[in-house]
Amino acid sequence: MATDSPDDALVARAQQGDAGAFEELVRLHADRLHAVVQRLVNDEHEAQEITQETFLRAWRGIRGFKGEAQFFTWLYRIGVNEANRRLKRTANAATQRSLEDLTQEPRDPAPGPEGQSEQRDLQTALEAAVRDLHPDYRTPLILRDIEGLSTNEAAAITGLHPAAFKSRLHRARLNVREAVAKYL
Amino acid sequence: MRHPIRFHRDHRFTVIHASGYLDGELDADAARRVHDHAHICPKCHEMLDSLRRTISGLRGLRGSSRASVVPDVLDALRSDDEQRTS
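Nothing here was measured: the structure is a model prediction, and the numbers come from that model.

1. Looking at the overall build of chain A
Thought 1: Within chain A one finds eight helices and zero strands.
Thought 2: Reading the secondary structure of chain A in the N-to-C direction produces α-α-α-α-α-α-α-α.
Thought 3: When each of the 184 residues of chain A is scored for burial, the buried share is 37%.
Thought 4: Sequence-distant contacts in chain A: of pairs separated by 6 or more residues, those separated by 24 or more amount to 66%.

2. Regarding the interface of chain B and chain A
Thought 1: Each partner contributes residues to the interface: chain B has 27 residues there, and chain A has 33 residues.
Thought 2: Every element with two or more residues in the side of chain B that touches chain A is listed here: helix 1 (4-22), helix 3 (42-59) and helix 4 (70-85) of chain B.
Thought 3: Residues belonging to the side of chain B that touches chain A are distributed by class as follows: eleven nonpolar, eight polar and eight charged.

3. Quick word on helix 3 of chain B
In an α-helix, one turn spans 3.6 residues; hence positions three or four apart end up facing the same way.
Thought 1: The end-to-end C-alpha distance of helix 3 of chain B, which contains 18 residues, comes to 26 Å, matching closely the 26 Å that a straight helix rising 1.5 Å per residue would cover.
Thought 2: Within helix 3 of chain B, the full set of buried residues consists of B:Leu48, B:Leu51, B:Thr54, B:Ile55, B:Gly57 and B:Leu58.
Thought 3: Residues of helix 3 of chain B that are buried make contact with helix 5 (118-132), helix 6 (135-146) and helix 8 (162-179) of chain A together with helix 1 and helix 2 (28-40) of chain B.

4. Brief notes about the domain arrangement of chain A
Residue and element names in this part refer to chain A.
Thought 1: According to the domain assignment, chain A consists of domain 1 (1-107) and domain 2 (115-184).
Thought 2: Each partner contributes to the interface: domain 1 provides eleven residues, whereas domain 2 provides 14 residues.
Thought 3: Counting residues per element, the ones that place at least two in the side of domain 1 that touches domain 2 are helix 2 (19-41) and helix 4 (71-101).
Thought 4: Here the side of domain 1 that touches domain 2 gets six residues from one element, more than from any other, and that element is helix 4.
Thought 5: Split into classes, the residues belonging to the side of domain 1 that touches domain 2 amount to six nonpolar, three polar and two charged.

Basis of the calculations
- Residues numbered from 1 in each chain as written.
- Chains lettered and ligands numbered in written order.
- Predicted model: local features only at pLDDT ≥ 70, side-chain atom pairs only at ≥ 80, totals over all residues.
- Helix = DSSP H or I, 4+ residues; strand = E, 2+ residues; numbered from the N terminus.
- Buried ≥ 20, exposed ≤ 12 C-beta atoms within 10 Å, placed from the backbone.
- Contact = placed C-beta atoms within 7 Å.
- Nonpolar A, V, L, I, M, F, W, Y, C, P; charged D, E, K, R; others polar.
- Expected span 1.5 Å × (residues − 1).
- Domains from an automatic or database assignment.

What follows is the structure in structure tokens.
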């Protein structure tokens, strides 16, 4: 294993076919993985599907897990890749739809700050700004700033070199900052 | 007052490395360069301050009151196991 983590013993047992040990890993990681995926795809039903699919793939492939990374890094990578794969598929369909949208009335802008607390306004604006980021920039921001993973952990999940990861993260932060500037 | 060319270079450096500075990931010399520049550049001072508040706000988004997905994931795993063994 790369490092001693609380998952290591459970992973070793799961690799021997212990379903109970793998279920314990589900209990430890499923809700947090689901939260990440939900932010990526912005669709609760799809996020649930991706979370289930991720654990099914992980269980089927657990014997191939070499322990070069931490288990959760490997697991999140499966989930994030699947989420991004589905996002690309959706984006292709949306490109077609957006041509039709050009002839329609623009949607109302986000509600103003009237009647809401400043903190709530900021949270709402941040949520919208994160959703509006391109997935290439949204993923680093979610993993690093919302989920609080280290730069190296988050970079490993995205498959990016840490320098490239930092560059995307910085650009994502600047975009979000600009989008929420009036609430800061 | 710094020389304008030096000021301009430090300004660019600060804009590029603002996240690294706030994350504590710059080496000591680089961090001091950002720190010293922000002290004399109101734009960079404001940029660092608003970026810090943005990151702090993003951290506050973590967490959810949604119901746990663990039961559904466990059901899916058990169902898949049953299908594969039957």
